[in-house]
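# Summary of structural features
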Amino acid sequence: MKKPVIHTLLILFLGASFLTVSSCRDEEKTTEDKIEQVGDDIEEGAEEVGDEIDDHTDDN
């Protein structure tokens, strides 16, 4: 009874480990791509802050 349970847990653990390792691999980005991504993130953050300010000023 113990062996099938242990084997099942071992298989689940190894499967989860494999999925985690394989999904963490990110494609290599150039410095230009990274800078562009940071710029996009900053722009998106600024828009969100602007929307929050508009929401709060509309309430008052």
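Refer to the preceding data block for the structure.
Here we summarise the structure given alongside this text. (Residues numbered from 1 in each chain as written. Predicted model: local features only at pLDDT ≥ 70, side-chain atom pairs only at ≥ 80, totals over all residues. Heavy atoms only, no water.)

### Quick notes on the overall build of the protein
What the protein contains, in helices and strands, is two helices and zero strands. The buried share among the 60 residues of the protein stands at 0%. Carbon together with sulfur atoms contributes 60% to the accessible area of the protein, which is approximately 5900 Å² in total. (Helix = DSSP H or I, 4+ residues; strand = E, 2+ residues; numbered from the N terminus. Buried < 20%, exposed > 50% of the residue type's maximum accessible area, 1.4 Å probe, protein only. Areas by Shrake-Rupley, 256 points an atom, 1.4 Å probe, with all protein chains shown as cover.)

### Considerations on a nonpolar patch on the surface
Where nonpolar side chains cluster on the molecular surface, the patch consists of Val5, Leu9 and Leu12 and spans about 290 Å² of accessible area. Considering the arrangement of structural elements, one finds Leu9 in helix 1 (residues 2–24). For Leu9, a relative accessible area of 53% gives the class exposed. (Patch = residues over 30% accessible without salt bridge, like charges linked within 9 Å, V, L, I, M, F, W, Y side chains within 5 Å. Salt bridge = Lys/Arg side-chain N within 4 Å of Asp/Glu carboxyl O.)

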